[in-house]
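What follows is the residue order along each chain.
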Amino acid sequence: MPEVQVVTEEDMELEGDFDDVYCDWCDGNGTSGSDSENDDDLTSLSDNIANWAVSFGISIVALTALLSILHATHPDLPKDGRTLLKTKTHYAIQEKAGGNYHHFGILSSLKTTISKYAKTLAEGMTLGLQINIDGLPLFKSSTVQLWPILGLLVTVPMKEPVVIGAYCGPKKPSSATEFLSDFVNELQELEAGFCFGDKNLKIELHTVVCDAPARAFVKKTKAHNAYHGCDKCLHPGQYQNRRMTFPGPEHPQRTDISFNLMVDELHHHEGPHPFKNVKVGMISQFPLDYMHQVCLGVVRKLLLTWLRGPLTVRLPALIVDRMSGKLQAMRPYVPIEFARRPRSLRELDRWKATEFRQFLLYTGPVMLAGFLDRNMYYNFMLLSTAISMLVSPEHLNLADYAGQMLKSFVNHFGELYGTDQIVYNVHCLVHLADEVKRHGCLDSFSAFPYENHLGKIKKLIRKPEFPLAKLIRRLSEVTATKLVDDADITLKREHFVGPIVVGMGVNAQYGEMRCERWTVKLTTGDNMFLVGDKVCLIKNIIQNDNGVYAIYTEFSQQSPFYTYPFNSDRMNIFVVKDASDELKSVEVSALRQKCVALPYRDGFVAIPLLH
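Residues numbered from 1 in each chain as written. Predicted model: local features only at pLDDT ≥ 70, side-chain atom pairs only at ≥ 80, totals over all residues. Heavy atoms only, no water.

Student: Help me understand the overall build of the chain, please; the structure alone is not making it clear to me.
Tutor: Counting secondary structure elements, the chain contains 18 helices and 21 strands. Relative to the globule expectation of 25 Å for 611 residues, the C-alpha radius of gyration of the chain, 27 Å, shows essentially globular dimensions. Taken along its principal axes, the extent of the C-alpha atoms in the chain is 75 × 70 × 50 Å. The buried share among the 611 residues of the chain stands at 54%. The averaged location of the 70 negative side-chain charges in the chain is 8 Å from the averaged location of its 64 positive side-chain charges. (Helix = DSSP H or I, 4+ residues; strand = E, 2+ residues; numbered from the N terminus. Rg over C-alpha atoms; globule rule 2.2 N^0.38 Å. Buried < 20%, exposed > 50% of the residue type's maximum accessible area, 1.4 Å probe, protein only. Lys, Arg positive; Asp, Glu negative; His and termini not counted. Charge placed at Lys NZ, Arg CZ, Asp CG, Glu CD.)

Rendered as structure tokens:
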């Protein structure tokens, strides 16, 4: 049995030297005696301060210092930041798998989300749980790693993952079975059913999203660079030019049944997997993650080949500089929904996954058209258009067609760059369409939301002492804080000078509208939308007695951007020119899709937001 250590306030150093301000308001559970009064006042000063402290990552030392200043004029406020944030001070940390582990709990972590949608859940309903497992280095000067188990419910619209369990140690867990034992045991109980309020519900594992190394670790299979490393088919690898490659024709697919029977035990398996006692398909429910495989894998490999590959395919330095200039010129035209704007190819080693996705789906097809060799450009377009289809919920009916294009891409890629370049990430493109047909669009099982959450988790741990304990405390504060949800539609930047359709009533005019799907602005980059099949330019946002309307003009010229591998109008991608002067209006709910409008010759290429 793993040793269980119950951690209390005295067992670890506090996040600063302030023993003289030890919380004398706390009871045995680390909560204030006046909590019941504060819970009734959602907009109280203490709630606002707690919200501010959690949102901006204010340290406990700084928050306590602020409270000591405010206490003179607001005596009802606690003296200690831990009391205000309801910091958890009693928790159990186990020693297992070569490090420390804390199990937050599946149901405990999902309780808030299930409560939010409890009225819409039917009796006996089964909720699908998607989890992500990956390692995270915490400090540059240390080998300490954090391996959290993150989870999302796919049955209800859940925006942000929760932490179900967390391992912390000098290296990755020594045993996947031991690391996942608490999670698997609880999942078994939830599969049998549980009571939530007046309803009986179940939770079952929907998908497990990991990158290739983590997926091999939790499935206990050979690594992705082994001879039989493909976890989707029986393709035997070939060692070429100091790398494992997977060229050649298709091979038989692996199945859940063959995996459970360990048919390929000699070549593929490294032992019994830790999920053997729960309902999960070890092939079908462990999908490929396109963030790592495509964006950080194939797209990055293509760019590195063009910049630093063999002379036969390497681009001259002058061309690379011109390409970088073209990318940087697109910066003002990138919508606010993108976390990063295009930057130079000379900074490629520092590009993030979102930048490779942006290049693949939006900026790359437009920029590369004037620089790449025809065959290389067509090869890139096979990849770009196929992933565009698979990432868009509107084009799931084209998954088979996208699968054919990806197979063509892999074959053509081998002809252009050599079969020794068809490594694991390139080979697995032939399996991607099957994953989409099984689980939905690529973003429904990608690692993007989990990687974003890992970044937030890392910011919670500021010092190297007791990192797991600090994570438990910080997450308890986030859970206890009443964060305010954004409204469905928010109107901002009121003005009085916008164009208005003749005869239309107007109560107010605005320069910005934010909703869950996108942001509409009247400025470059955020004012191009699809209305029906037409690309339109938003000129004003008005509110009247009937609702909120967008005032827009259409473009007089609208034509397909590319014709290979098919006409781009099939994906509603157009070259547009010459906006007309005729004003039209439409309810904002009828705006079909926001577009990325990038300068191209004497017009713009309008690409609907796909991801």
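Student: Any chance you could explain helix H14 (residues 399–417) here in plain terms?
Tutor: In an α-helix, one full turn covers 3.6 residues, which means residues spaced three or four apart are oriented alike. Under the 1.5 Å per step criterion, the end-to-end length of H14 is 26 Å for 19 residues, consistent within 8% with the ideal 27 Å. Looking at H14, one finds that the buried residues are Ala-399, Ala-402, Gly-403, Met-405, Leu-406, Phe-409, Val-410, His-412, Phe-413, Gly-414 and Tyr-417. Buried residues along H14 sit against helix H10 (290–308), helix H13 (374–391), helix H15 (424–427) and helix H16 (432–439). (Expected span 1.5 Å × (residues − 1). Contact = heavy atoms within 4.5 Å.)

Student: Please explain the packing of aromatic side chains as it appears in this structure.
Tutor: Centre distance and the angle of the planes are the two values used to describe a pair of aromatic rings. Enumeration over the complete set of coordinates arrives at 20 aromatic pairs. On the numbers, 5.6 Å between centres and 75° between planes, the contact of Phe-275 with Phe-286 is edge-to-face. Of this pair, Phe-275 sits in the loop between helix H9 (256–260) and H10 while Phe-286 is found in the loop between H9 and H10, placing the two residues 11 residues apart along the sequence. We note that Phe-275, like Phe-286, is buried. Seen in terms of ring centroids, Tyr-377 and Tyr-378 are 6.5 Å apart; in terms of plane orientation they differ by 45°. Their pairing is tilted. (Phe/Tyr/Trp six-rings, centres within 6.5 Å; stacked < 30°, edge-to-face > 60°.)

Student: In this structure, what is going on with the nonpolar core? I would like to understand it.
Tutor: Across soluble globular proteins, you tend to see nonpolar side chains buried next to one another. Of all hydrophobic cores here, the largest spans 152 residues; its most connected members are Phe-183, Phe-275 and Trp-306. Filtering out sequence-adjacent residues up to four positions away, Phe-183 remains in contact with His-103, Ile-106, Leu-129, Ile-131, Ile-149, Ile-164, Leu-205 and Phe-275. Membership of the second largest hydrophobic core comes to 16 residues, among which are Phe-529, Ile-538, Val-548 and Val-588. (Core = buried A, V, L, I, M, F, W, Y, C linked by side-chain atoms within 4.5 Å.)

Student: It is not clear to me how a nonpolar patch on the surface should be interpreted in this structure. Could you clarify?
Tutor: A cluster of nonpolar residues, Ile-257, Leu-261 and Val-263, forms a patch on the protein surface that exposes about 360 Å² of accessible area. Assessed through its relative accessible area of 62%, Ile-257 is described here as exposed. (Patch = residues over 30% accessible without salt bridge, like charges linked within 9 Å, V, L, I, M, F, W, Y side chains within 5 Å. Areas by Shrake-Rupley, 256 points an atom, 1.4 Å probe, with all protein chains shown as cover. Salt bridge = Lys/Arg side-chain N within 4 Å of Asp/Glu carboxyl O.)

Student: Got a minute to help me understand helix H18 (residues 467–480) in this structure?
Tutor: The end-to-end C-alpha distance of H18 is 20 Å, a good match for the 20 Å that 14 residues give at a rise of 1.5 Å each. Burial analysis of H18 places 11 of its 14 residues in the buried class, the great majority of the element. Residues of H18 that are buried: Pro-467, Leu-468, Ala-469, Lys-470, Leu-471, Ile-472, Arg-473, Arg-474, Leu-475, Ser-476 and Glu-477.

Student: What exactly am I supposed to notice about a positive patch on the surface here?
Tutor: Residues Lys-140, Arg-340, Lys-352 and Lys-458 make up a contiguous surface patch of positive charge. As for its placement among the helices and strands, Lys-140 is situated in the loop between strand S5 (136–137) and strand S6 (145–153). Residue Lys-140 is classed as exposed on the basis of its relative accessible area, which comes to 92%.

Student: Whenever I open this one, unusual backbone geometry confuses me. Can you help?
Tutor: The bulk of non-glycine residues show a negative phi, and the bulk of peptide bonds are trans. Cis rather than trans, the peptide bond between Tyr-564 and Pro-565 has omega equal to 5°. Looking at where Pro-565 falls in the secondary structure, it is placed in the loop between strand S17 (547–560) and strand S18 (574–579). You will see that Lys-86, though not glycine, has its phi angle at about 55°, which is positive. Locating Lys-86 in the fold gives a position in the loop between helix H4 (81–84) and strand S2 (91–96).

Student: How should I be thinking about the pattern of salt bridges in this particular structure?
Tutor: Oppositely charged side chains can pair when the atoms bearing their charge come close. One pass over the structure, following the stated rule, counts 25 salt bridges. For Glu-160, the salt bridge is made with Lys-456, and the minimal N-O distance between the two is 2.9 Å. A residue pair is termed long-range when its members are at least 10 positions apart, and Glu-160 in the loop between S6 and strand S7 (162–169) and Lys-456 in helix H17 (residues 448–460) qualify at 296 residues. Take Lys-456: its relative accessible area is 39%, and that puts it in the partly exposed class. The residue Glu-435 makes a salt bridge to Lys-232 at a minimum N-O spacing of 2.9 Å. Pair noted here: Glu-435 is in helix H16 and Lys-232 is in the loop between helix H8 (212–219) and strand S10 (238–240), with a separation of 203 residues, a long-range link. With respect to class, Glu-435 is no different from Lys-232; both count as buried. A single salt-bridge network, built from bridges that share partners, covers Lys-232, Glu-435 and Arg-438.

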